[in-house]
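Secondary and tertiary structure notes
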Amino acid sequence: MSAAFLAGVVAGYGVALPMGAIGVLIAGLSARTSLRVGAAAGLGAATADGIFAALAVAGGAAIAGVIAPIAAPLRWAAAVVLLIIAAMTARAAFRKPGTPAVDRRPTTPWRAYAGVLGLTLLNPATVIYFAALVLGRGGEGSGILFVAGVVLASASWQLVIAGGGSLIGRWLTGPRGRALTALVSSLVVAALAVRLLFPA
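What you see is a predicted model; the values in this text were computed from it and never measured. (Residues numbered from 1 in each chain as written. Predicted model: local features only at pLDDT ≥ 70, side-chain atom pairs only at ≥ 80, totals over all residues. Heavy atoms only, no water.)

1. A closer look at the overall build of the protein chain
Looking only at helices and strands, the protein chain has nine helices and zero strands in total. Ordered by position from N to C terminus, the α and β elements of the protein chain give α-α-α-α-α-α-α-α-α. In the protein chain, which comprises 200 residues, the proportion classed as buried is 38%. Of the contacts made within the protein chain by residues no fewer than 6 positions apart, 89% connect residues no fewer than 24 positions apart. Accessible area of the protein chain: about 10,600 Å², with a carbon and sulfur share of 73%. (Helix = DSSP H or I, 4+ residues; strand = E, 2+ residues; numbered from the N terminus. Buried < 20%, exposed > 50% of the residue type's maximum accessible area, 1.4 Å probe, protein only. Contact = heavy atoms within 4.5 Å. Areas by Shrake-Rupley, 256 points an atom, 1.4 Å probe, with all protein chains shown as cover.)

2. Overview of the UniProt feature "transmembrane region" (unreviewed entry) in the protein chain
Mapped onto this structure's residue numbering, the UniProt feature "transmembrane region" (unreviewed entry) falls at residues 6-29, 50-70, 76-94, 114-132, 144-168 and 180-198. Secondary structure over residues 144-168 splits into 100% helix and 0% strand, and the C-alpha atoms at its two ends are 36 Å apart. (UniProt positions renumbered as here; feature names shortened; annotations may be inferred.)

3. Observations concerning the confidence of the model for the protein chain
With 67% of its residues at a pLDDT of 70 or more, the protein chain shows a mean pLDDT of 76. Across the protein chain, element-level confidence peaks in helix α6 (residues 109-120) with a mean pLDDT of 92 and bottoms out in helix α4 (residues 61-67) with 63. Taken as a whole, residues 99-104 scores under 50 in pLDDT and shows four contacts with residues more than four places along the chain or in a different chain. (pLDDT = per-residue confidence, 0-100.)

4. Quick word on a nonpolar patch on the surface
A surface patch of nonpolar side chains, amounting to about 210 Å² of accessible area, comprises Ile-51, Leu-55 and Leu-121. Structurally, Leu-121 can be placed in the loop between α6 and α7 (124-136). (Patch = residues over 30% accessible without salt bridge, like charges linked within 9 Å, V, L, I, M, F, W, Y side chains within 5 Å. Salt bridge = Lys/Arg side-chain N within 4 Å of Asp/Glu carboxyl O.)

5. Let's talk about the environment of Ser-166
Among the structural elements, Ser-166 can be located in helix α8 (residues 144-171). Sequence separation between Ser-166 and Gly-28 is 138 residues, and the spatial gap between their C-alpha atoms is 8.4 Å. When residues no more than four places from it in sequence are discounted, the contact partners of Ser-166 are Ser-30, Ala-31 and Leu-35.

6. Section: the nonpolar core
Counting 13 residues, the largest nonpolar core has Ile-22, Ile-26, Leu-29, Ala-41, Ala-45, Ala-112 and Val-116 as its most contacted members. Elements that contribute at least two residues to this core include exactly α2 (21-32), α3 (35-59), α6 and α8. In terms of residues, this core owes the most to one element, α2, which gives five residues. Residues contacting Val-116, with those up to four places away along its chain left out, are Ile-22, Leu-29, Ala-41, Gly-44 and Ala-45. Membership of the second largest hydrophobic core comes to six residues, among which are Ala-7, Ala-11, Ala-53 and Val-150. (Core = buried A, V, L, I, M, F, W, Y, C linked by side-chain atoms within 4.5 Å.)

7. A few points about the environment of Ile-85
Looking at the element boundaries, Ile-85 is found in helix α5 (residues 71-94). Each C-alpha atom, one on Ile-85 and one on Leu-25, is 8.9 Å from the other, the two residues being 60 residues apart in sequence. Other than its neighbours up to four places away in sequence, Ile-85 contacts Leu-25 and Leu-119.

8. Points about the packing of aromatic side chains
Aromatic ring pairs are described here by two measures, namely the spacing of the ring centres and the angle between the planes. Per the counting criterion, the structure on display carries one aromatic pair. For the ring pair Trp-110 and Tyr-113, a centre distance of 5.8 Å and an interplane angle of 20 degrees mean the geometry is stacked. Of this pair, Trp-110 and Tyr-113 are both found in helix α6, three residues apart, which corresponds to roughly one turn of the helix. A relative accessible area of 61% means that Trp-110 is categorised as exposed. (Phe/Tyr/Trp six-rings, centres within 6.5 Å; stacked < 30°, edge-to-face > 60°.)

9. Comments concerning the packing of α2 against α6
Where α2 contacts α6, the two axes come as close as 11 Å, and the packing angle between them is 170 degrees. On the basis of their axis angle, the class for α2 and α6 is roughly antiparallel. The segment α2 lies against α6, with Ile-22, Leu-25 and Leu-29 engaging Ala-112, Val-116, Leu-119 and Thr-120. Here the residues of the contact of α2 with α6 sort into six nonpolar, one polar and no charged. (Axes fitted to C-alpha atoms, helices over the stretch in contact; angles between N-to-C directions. Parallel < 35°, antiparallel > 145°, perpendicular 65-115°, else oblique. Nonpolar A, V, L, I, M, F, W, Y, C, P; charged D, E, K, R; others polar.)

See below:
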């Protein structure tokens, strides 16, 4: 195995392993719908990580420099989206069984993939993370093999999260279990949104 590929695997796990808002969303989607939908959402996050890694390899410092001035508005946009998701999830916790959701379209794998891809792309810190890695290694970790390693590592971890969410969903199939997980998920997502706006 090449050093670039292994560097990409390490970088991919480094960015994917911390359980943030995206991980909570993926697990929640799997728990509420199906493993297929959760896995598609996870692959959306992995695709975004791959796009950021490719941008970092291609542009490195130039891209990080362009994003830095607009990092705050992007952070605010991501926080607003997360707060909306938290509110919708909390609302679902208090909905009586049998009450239809506002959006009656079923959550399909494609919608989950596109939604999580779009939300993950709002995180400017990820491209800066990859750019710093590529530049810090003097270009050693650059190229298609580095990007492939990132995507493989990120996708494998996101699929583990989706699988875990699916198992939890099977254990907590009753109305109380669903309400509890929806409330916990909404609180975690809201807390992550606030932390995004006010980092420690």
